[in-house]
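# Secondary and tertiary structure notes
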Amino acid sequence: MARRTRMSLLLLALVASVAACNKQEEPAAEAAAPAAEVAGAVAYVSTQDAGVNVIDLATMQVTKQFDVKAQGPRGLAVTDDGKQLVVATRENGSVSVIDTATGEVVKQIEVGKNPEFVRISGNFAYVSSEPSAKAGPPPKPGEKHEEDDDDDEKIPAKIAVVDLSKGEKIREITGGPETEGLEFSADGKQLVITNEADNTVTVHNIETGELVKTIATHEYGDRPRGIKVSPDGNTYLATLEFGNKFLVMDKDFNVVRTVDTAETPYGIAYDSKGERIFVATNKAKLLQVFDAKSFEKLKEVPTANRCWHFSFTPDNKNILLACGKSDAVLVIDADKLEVTSQVEVKNMPWGVVTFPKAMGSLEQAK
């Protein structure tokens, strides 16, 4: 009898021990879920002479190519749920809406001549179009467009507002001539636009399209291109391609200072903590890194040919830099600030965004 009692007690202790182990394992499984989500992350890279390449971020290999059913894909953005990719296609004045699960174009929506940049907020896509943009390379510093005396040069850009649930353009916001970048204000109530042809940054009420403020950049530098808000919403940055600088504005869009960069800066972004600023300089072939508080230059990473746009990976460990004339996406270690590898992406890679969303020159992580 005593022996049976001891065996029963041992059995009960074993059951309790197993139950305790199971309880301890549950939080560990929960903690592993975000890692699994990041492991399934992808990057979407638009190529001007083809479609969209899909990079598996776990292997850094191109695994799919999406046919956008149109020519000249450039700007792109992914919806918050990751189910749709919206790509601006220059030659037909439209955006292609792609089902990311199947890679199929579910709808093409006309937005205006020469669409270039795409940003998404909720169920709405904001797409810039450039009726005054001319074919051919941009002018050099100090030069004018051949058609500078034409009235067409003065046509302002339009930012199409597309309702993705309806699959149609519902209205337009009028920007300046040749819009080169779009950003949302920190509170989501305003749209901030860089306009390279008249050297302005304009701020608009996102609901009405009303012009709220115009910031002239000529005294600091010409051809504003990239535009980015800081994670805390207190600072806005705009690259000045023909000033070799970026402009620093406060939350009310007052110019605070400029910061010198290498030649022809374009894409610009903060890291997720808002501690560092990254600038892609085209002709200098550098990704420059600055301290976000002191604006001291921290590092220069040698890159490649025509590197305009970039994105962090969702885990913030790497930066993906699209280099159009090198047919490559460079992979840069975000801590060591060194190029560690490159992904071959042919046909002039233009822009890159990820899902889950991350910080980058075309996107702002949630």
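The sections below set out a description of the structure shown in this document. Small disclaimer: the values here were computed from a predicted structure and weren't measured.

What counts and what doesn't
Residues numbered from 1 in each chain as written. Predicted model: local features only at pLDDT ≥ 70, side-chain atom pairs only at ≥ 80, totals over all residues. Heavy atoms only, no water. Pairing = 2+ DSSP bridges. Helix = DSSP H or I, 4+ residues; strand = E, 2+ residues; numbered from the N terminus. Axes fitted to C-alpha atoms, helices over the stretch in contact; angles between N-to-C directions. Core = buried A, V, L, I, M, F, W, Y, C linked by side-chain atoms within 4.5 Å. Buried < 20%, exposed > 50% of the residue type's maximum accessible area, 1.4 Å probe, protein only. Contact = heavy atoms within 4.5 Å.

### Comments concerning the sheet that holds strand β28 (residues 349-355)
In space, the four strands of this open sheet follow the order β3-β2-β1-β28, with antiparallel pairing throughout. The sheet is open, and its two borders are formed by β3 (61-66) and β28, each paired with just one other strand. Averaged over all pairs of adjacent strands, the angle between their axes in this sheet comes to 25 degrees, without regard to strand direction. Of the pairings in the sheet, the one linking strand β1 (residues 42-47) to strand β2 (residues 52-56) comprises five bridges and is antiparallel in character.

### Focus on the nonpolar core
Nonpolar side chains in soluble globular proteins tend to end up buried together. Ranked by internal contacts, the top residues of the largest apolar core, which has 30 residues, are Phe246, Ile277, Phe278, Leu287, Phe310, Ile319 and Leu321. Per element, the largest residue contribution to this core is four residues, and it comes from strand β21 (residues 276-281). Beyond its immediate chain neighbours, meaning those up to four positions away, leucine 287 contacts Phe278, Val279, Ala280, Lys299, Glu300, Val301, Thr303, Phe310, Ile319 and Ile332. In this structure, Phe66, Val68, Leu85 and Tyr266 belong to the second largest nonpolar core, which totals 26 residues.

### Observations regarding the sheet that holds strand β17 (residues 235-240)
Pairing within the open sheet is antiparallel, and its four strands lie in the order β16-β17-β18-β19. The open sheet has two edge strands, β16 (224-229) and β19 (255-260), and neither has a second partner. For this sheet, the mean angle separating the axes of adjacent strands, direction not counted, is 20 degrees. Pairing analysis gives five bridges linking strand β18 (residues 245-250) to β19, with the strands arranged antiparallel. Bridging from a neighbouring strand, leucine 247 pairs with threonine 258 of β19.

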